[in-house]
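# A structural walkthrough
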Amino acid sequence: MNTLFKLKAYYMPFKRYFFLSLFFLVVVTFITIVYPIVLQVTIDEVVYLERYALIPVVAGVFIILMLIKSISTYLQQYLGDLFGIKSVYSLRDGLYRKLQRLPFRYYDNAKTGDLMSRLTADVEAFRFFLSFGFAELIRIALLIVVSLSVMFFYSASLTLVTMAAMPFLLVVVFQFDKRVHPAFRGIRKAFGNMNTRVQENISGMTTVKSLSREDYEVGRFTDRNDEYRTNYIDTSNIWAKYFPLMEFVGNVSVVALLGYGGYLVMQGSLQYGELVAFFSLVWYILGPLMNLGFVINLFSQSKASGERLLEILQAEEEIQEIKQPFQSSAIEGHVTFQDVTLAYDEGDDAALKDISFEALPGTTIGLIGSTGSGKTSITQLMTRFYEPQQGEVLIDGKPVQEYGLKQLRSSIGFVLQETFLFSTSIKENIAYGNPEASMEDIMDAAKRAQAHEFIMAMPKGYDTLLGERGMGLSGGQKQRIAIARAILIDPCILVLDDATSAVDMETEVRIQQALKEVMKGRTTFIIAHRISSLKHADEIIVLADGVITERGTHEKLLQNGGPYQRIYDIQYQDKEMVLNTVKSSS
Ligand SMILES: Nc1ncnc2c1ncn2[C@@H]1O[C@H](COP(=O)(O)OP(=O)(O)OP(=O)(O)O)[C@@H](O)[C@H]1O
Ligand SMILES: [Mg+2]
């Protein structure tokens, strides 16, 4: 119930549908119980007393009742569904919005398959309970209470005799629930596992095929499929066994009813019609009781689903925006790091230690260092993707926390190591950060990113649709689209994280020339492994294990005798070696 209570913000706005549906449910239930009463009256008051003139009246009442019941059933079901569907719409919307707000730190540990199944299967389980389970629970309670009252009204002793077997039925129901619940959980888990397999397999198809592991993957999937099948068969077996058992206990009640009831009729203390009514009423109790196991199960399933949804909804957002963000009309791009230390996980070694530097507006900073030395981490602190444990990151002299996240992030353009392209047209992909951009602006950005030519060579040009993950484009082409995307948002700070690693030397030189113009007036961070990419920077920062080991201009660092010079030697020795071999062979 607690879970249900915590989710009330999503269904309370639609409570009027629920209460209306409940009203019609009560009408339907009462009419259901009136059936046997009409039967009893017909037998005892009409047929037995031979008052045949009353038959049209009874028939008329019956038809009217049935009409009311049909309409009420329709309204009850439709309104109940409306309640579930509308609630779940707002729940799904809330979940998706929450996913957009959750920090990078959350996604570092999240599994795509798991999140997907929460947003689909768990939401669906919750809906089913709202639409159906809740009402069913109330219907069962109502049917049992009202039927029992009518039965007691007819004959208390016969009611007690009939109900003698009920405790056994309840035991069977709860036994059933105890066994079927874990079985259902098994099915859900197996289903999740199977989904994860499929998802990973499709995402990693390139790796699977290139290493010829198709058979292995088929085997792994078969295992999961098998697990799912076995779980399903087990559950099916439990269902199949318990229902006849429940029916058997129910039938024992009916035999007791007929035996003792018949005796009472012969004695004259019970009327014929009353016995017939009893016979119908007892099934109104047995049926719902048998169903109780199923409904309880539904309830526990939806509770489990609700908990999984709450886990997302209650996840900490960490990165809080301040109430009144500082609004700058134009950010100039003056970036300052003061003694910044960042550790991704508590207890982990710091990824950045005591980093301090200053980048004046319009200057270019080069970041170089071995993999894992913290280059990308530095740039992610400016946009508040992560927050440092110590120290301060300032933009135009103000701590980044004082800006609104939107303004902050739209002033910083990223070209990342790995580009993500959406499965829409090239045009929309370039305009993703600036959907209002005109076609001219888009083409201009593409030209500057050296992407225009290859885009025009495609059959549909800018309207070419990309597959998932930007399939159909080479790595270098994807990077150039990402560069165009960054240019189009016209940021005052530009981050090029290994942005030209996937293009050939010639294209790199062309892009660099183009970028030189783009970089004018913007503070630019160039992260690169090749010295040729960043040697023109105003300051080059050399990182090792999260610490700045050297800094200065290219010329100064070459004289320093430090790591930069070593990197230079390695990269340019190669060139000399190549030149030498070419010379000696000619
Ligand atoms: N999301 C994360 N969660 C935990 N640790 C991380 C995360 N991102 C980076 N790290 C760790 O922080 C350190 C610095 O990583 P970073 O990505 O900044 O390196 P880099 O210099 O950009 O490397 P590369 O040249 O390979 O891109 C590494 O040790 C890395 O394992
Ligand atoms: Mg990196």
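Residues numbered from 1 in each chain as written. Chains lettered and ligands numbered in written order. Predicted model: local features only at pLDDT ≥ 70, side-chain atom pairs only at ≥ 80, totals over all residues.

Attention now moves to the overall build of the protein. Regarding its fold elements, the protein presents 21 helices and ten strands. Relative to the 2.2 N^0.38 estimate, which gives 25 Å for 586 residues, the radius of gyration of the protein is 36 Å and therefore markedly larger than a compact globule would have. Expressed along its principal axes, the backbone C-alpha trace of the protein runs to roughly 120 × 55 × 55 Å. Counting every position in the protein, which comprises 586 residues, the buried fraction comes to 30%. Taking all contacts inside the protein whose residues are at least 6 apart in sequence as the whole, residues at least 24 apart take part in 79%. (Helix = DSSP H or I, 4+ residues; strand = E, 2+ residues; numbered from the N terminus. Rg over C-alpha atoms; globule rule 2.2 N^0.38 Å. Buried ≥ 20, exposed ≤ 12 C-beta atoms within 10 Å, placed from the backbone. Contact = placed C-beta atoms within 7 Å.)

What follows concerns helix 10 (residues 214-267). Since the α-helix advances by 3.6 residues per turn, residues separated by three or four positions end up pointing in the same direction. The terminal C-alpha atoms of helix 10 lie 79 Å apart, and with 54 residues this matches the ideal 80 Å at 1.5 Å per residue to within 8%. Those residues of helix 10 hidden inside the fold are in contact with helix 7 (156-163), helix 8 (166-203) and helix 11 (272-313). In the stretch just after helix 10, G268 is the one whose phi turns positive, near 90 degrees. (Expected span 1.5 Å × (residues − 1).)

Here we come to the UniProt feature "domain: ABC transmembrane type-1" (unreviewed entry) in the protein. Residues annotated by UniProt as "domain: ABC transmembrane type-1" (unreviewed entry) correspond here to residues 19-301. With 92% helix and 0% strand, residues 19-301 has end C-alpha atoms that lie 23 Å from one another. (UniProt positions renumbered as here; feature names shortened; annotations may be inferred.)

Attention shifts here to unusual backbone geometry. In the Ramachandran plot, R384 falls in the positive-phi region, its phi being about 60 degrees despite a non-glycine side chain. Relative to the helices and strands, R384 is located in the loop between helix 12 (375-382) and strand 4 (390-395). We classify R384 as buried; it has 21 C-beta atoms within 10 Å. The phi dihedral of D545 is positive, around 50 degrees, even though this residue is not glycine. Assignment of secondary structure puts D545 in the loop between strand 9 (539-544) and strand 10 (547-552). What makes D545 partly exposed here is the crowd of 15 C-beta atoms within 10 Å.

It is worth spelling out the UniProt feature "transmembrane region" (unreviewed entry) in the protein at this point. The residues that UniProt annotates with the feature "transmembrane region" (unreviewed entry) are residues 17-39, 51-68, 125-146, 152-176, 242-263 and 275-299. The span residues 242-263 shows a helical share of 100% and a strand share of 0%, and its end C-alpha atoms are spaced 32 Å apart.

The next subject is the nonpolar core. Among the nonpolar cores identified, the biggest contains 65 residues, and I430, A446, I483 and A484 are the most heavily contacted of them. The element best represented in this core is helix 17 (residues 475-488), accounting for seven residues. Leave out the neighbours within four places in its chain, and I483 touches V415, A449, A499 and I511. One finds L158, V172, L257 and L264 within the second-largest nonpolar core, a separate group that totals 26 residues. (Core = buried A, V, L, I, M, F, W, Y, C linked by C-beta atoms within 7 Å.)

In this section: the domain arrangement of the protein. Note on interface size: it is often stated as the accessible area lost on association of the parts. The domain architecture assigned to the protein consists of domain 1 (2-313) and domain 2 (331-362 + 369-411 + 527-586). Averaged C-alpha coordinates put domain 1 and domain 2 at centres separated by 61 Å. (Domains from an automatic or database assignment.)

Let's shift gears to the pairing of strand 6 (residues 412-415). Neither face of strand 6 is open: one carries I412 and F414, the other G413 and V415, and all of them are buried. As judged from the four bridges shared by strand 6 and strand 7 (residues 493-497), these two strands associate in the parallel manner. Note on strand 7: the bridge partner recorded for F414 is V495. (Pairing = 2+ DSSP bridges.)

Take the site of ligand 1 next. In the neighbourhood of ligand 1, the contacting residues comprise D108, Y344, A351, G369, T371, G372, S373, G374, K375, T376, S377 and Q417. Across the shell around ligand 1, the residue classes break down as two nonpolar, eight polar and two charged. (Near = placed C-beta within 6 Å. Nonpolar A, V, L, I, M, F, W, Y, C, P; charged D, E, K, R; others polar.)

In the contact formed by helix 6 (residues 112-154) and helix 8, the axes pass within 9 Å of each other and the chain directions differ by 125 degrees. Judged by the inter-axis angle, helix 6 sits oblique to helix 8. Considering the relative orientation of helix 6 and helix 8, their crossing is right-handed. Contacts from T112, G113 and S117 of helix 6 reach helix 8 at G192, N195, T196 and Q199. Among the residues making up the contact of helix 6 with helix 8, the classes are represented as no nonpolar, seven polar and no charged. (Axes fitted to C-alpha atoms, helices over the stretch in contact; angles between N-to-C directions. Parallel < 35°, antiparallel > 145°, perpendicular 65-115°, else oblique. Left-handed = near helix turned anticlockwise from the far one by under 90°.)

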